[in-house]
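Coordinate inspection notes
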Amino acid sequence: METTRKHRVPEMEGLQARWYAKNRGTAAQLAQYRKQAAEVTSGLPEGAEILEVAPGPGFFAVELAKRGFRVTGLDISHTMVEIARETGAGLEIDFRQGDITHAPFAAESFDFVVCQAAFKNFRQPVAALDEMHRVLRPGGFAVIHDLNHEATSADIGREVESMNVGAVSGFTVRQTLGWLRRRAFTPAQFEELAAQSAFGACSVSQSGIGLEVRLTR
């Protein structure tokens, strides 16, 4: 597998970013973020330092901060950083604009790194993993949640129904997920990427249309 992908998805900016934020901020989605925040941080001590890569509108980062963690978000989209700062107003979350392949952080800065629904868009996935490894403290771990390339159209349909976004938006979301699935990785491909990276290995689990990838420094 090439470690640099030939085509890059344009960053979400302007109206497109705000449309995405609106559709990810439904009551059902926010409930899912709360559930995921509890699951992925299980065992982390209060006050642990977390980096969320590509936090987008910032909903998940907010749930992490509410659980007592010190959260930093790094997103390549200028508009998403603006939206995330609005979302996290009143909470001590440091949202920054930047590229994970050249993360603006010192080595061993974080206890936990998380990336939700964005890894498939990275042009240099192994370089991104290497940077996640570099900024983690020894014993720290990273979790990547993303689409499964092997998800079926029926799987996507069920996922969109659970979002409660309405018929019109639901059609658009289904079309978008179907398109993004083509860029997503299979479990075997994630294992290959991890093997090429500084992590050396990973564990992959599947649920619905998604994958959870865990990597330990």
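Structure shown above.
Report follows, based on the coordinates. (Residues numbered from 1 in each chain as written. Predicted model: local features only at pLDDT ≥ 70, side-chain atom pairs only at ≥ 80, totals over all residues. Heavy atoms only, no water.)

**Observations concerning the sheet that holds strand 6 (residues 203-207)**
Condition: Strand pairing is defined by DSSP finding a minimum of two bridges between the two strands. What counts as a helix is a DSSP run of H or I of at least four residues, what counts as a strand is a run of E of at least two, and both are numbered from the N terminus. Where helices are involved, their axes are fitted lines through C-alpha atoms of the stretch in contact, as for all axes, and angles between N-to-C directions lie from 0 to 180°. Any two residues whose heavy atoms approach within 4.5 Å at even a single point are treated as in contact.
Spatially, 3-2-1-4-5-7-6 is the arrangement adopted by the seven strands of the open sheet, whose pairing is mixed. Looking at the sheet topology across the chains shown, the edges are occupied by strand 3 (93-97) and strand 6. Direction aside, the axes of adjacent strands within the sheet are offset by 15 degrees on average. Strand direction decides the pairing type here: strand 1 (residues 49-53) and strand 4 (residues 110-116), joined by four bridges, are parallel. Among the inter-strand pairings, Ile50 is bridged to a residue of strand 4, identified as Phe112. Running at roughly 150 degrees to strand 3, helix 3 (residues 59-66) makes contact with strand 1, strand 2 (70-75), strand 3 and strand 4 of the sheet. Strand contacts of helix 4 (residues 78-87): strand 2 and strand 3, with the helix running at about 165 degrees to strand 3, the strand carrying the most contacts.

**Describing the packing of aromatic side chains**
How we decide: In summary, the pairing rule links any two rings of Phe, Tyr or Trp, Trp by its six-membered ring, whose centres are within 6.5 Å, and it sorts them by plane angle into stacked for under 30 degrees, edge-to-face for over 60 and tilted for everything else. Whether a residue is buried, partly exposed or exposed follows from its accessible area with a 1.4 Å probe, protein chains only, as a fraction of its type maximum: under 20%, in between, or over 50%, in that order.
Following the criterion strictly, the structure yields eight aromatic pairs and no others. Ring centres of Phe105 and Phe110 lie 5.2 Å apart, and the angle between their planes is 90 degrees; on these two criteria the pair is classed as edge-to-face. Both residues of the pair, Phe105 and Phe110, belong to the buried class. Summarising the aromatic geometry, the rings of Phe119 and Phe185 are spaced 5.9 Å apart at their centres and angled 55 degrees between planes, so their arrangement reads as tilted. One end of the pair, Phe119, is in the loop between strand 4 and helix 5 (125-135); the other, Phe185, is in the loop between helix 7 (167-181) and helix 8 (187-196), with 66 residues separating them in the sequence. Here the two residues Phe119 and Phe185 agree in accessibility, since each one is buried. Among the aromatic residues, ring-to-ring pairing joins Phe119, Phe122, Phe185 and Phe190 into one connected group.

**Regarding the environment of Val53**
Positionally, Val53 belongs in strand 1. In sequence terms Val53 and Ala103 are 50 residues apart; their C-alpha atoms lie 9.6 Å from each other. Excluding residues within four positions of it along the chain, Val53 makes contact with Leu74, Ile100, Val113, Val114, Cys115, Gln116, Phe122 and Met132.

**A look at the packing of helix 5 against helix 8**
The following threshold applies: Angle categories are assigned with fixed cut-offs, so that under 35 degrees is roughly parallel, over 145 is roughly antiparallel, 65 to 115 is roughly perpendicular, and the rest are oblique. Here a crossing is taken to be left-handed if its near helix is turned anticlockwise relative to the far helix by less than a right angle, and right-handed if that turn runs clockwise.
Two elements in contact, helix 5 and helix 8, have axes separated by 9 Å at closest approach and are oriented at 60 degrees. Accordingly, the angle class assigned to the pair helix 5 and helix 8 is oblique. In the packing of helix 5 onto helix 8, the handedness of the crossing is right-handed. Facing helix 5, whose interface residues are Pro125, Val126 and Leu129, helix 8 presents Leu193, Ala194 and Gln196.

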